Amino acid sequence: MIGEMKDRILAVQLLKIPNGRGGWTKEEITIGTFWAKVEELNARNIIQYRQADLNTNTKIVMRANDQITKECVFYTKGYKYNLEEVIEANGFMTIMAVGEKINE
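How each quantity is defined
Residues numbered from 1 in each chain as written. Predicted model: local features only at pLDDT ≥ 70, side-chain atom pairs only at ≥ 80, totals over all residues. Heavy atoms only, no water. Phe/Tyr/Trp six-rings, centres within 6.5 Å; stacked < 30°, edge-to-face > 60°. Helix = DSSP H or I, 4+ residues; strand = E, 2+ residues; numbered from the N terminus. Buried < 20%, exposed > 50% of the residue type's maximum accessible area, 1.4 Å probe, protein only.

(A) Quick peek at the packing of aromatic side chains. Tallied over the full model, the rule gives one aromatic pair. With centroids separated by 6.1 Å and ring planes inclined at 25°, the aromatic side chains of tyrosine 79 and tyrosine 81 adopt a geometry described as stacked.

(B) Structural context of unusual backbone geometry. In this structure, lysine 77 is a non-glycine residue whose phi angle is positive, near 50°. When you line up the elements, lysine 77 lands in the loop between strand S4 (72-76) and strand S5 (79-89). Judged by its relative accessible area of 61%, lysine 77 is exposed. The phi dihedral of asparagine 90 falls on the positive side, at around 55°, and the residue is not glycine. One can find asparagine 90 in the loop between S5 and strand S6 (92-101).

As structure tokens, then:
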């Protein structure tokens, strides 16, 4: 598994900060960069997740880290990944995410 983690990802946590007018702004706090395996799901898997009310189109596997939660966002190779589900087992995390291309 370790040798398959060839994608370098930047993990940030989204914090809601009051804007002083009754609303919120989101601020990104960098957690760190990590090695991971980013795998785009095939059409069959995407349909299965949509039936479960998840918009997941990407599976990310990385070493377990207590700081990674559903409130985090990953960036890698021009994509932004919003986390939908985080599953931890045997020292690794399987993360189901929604990836979208970033306009640079």
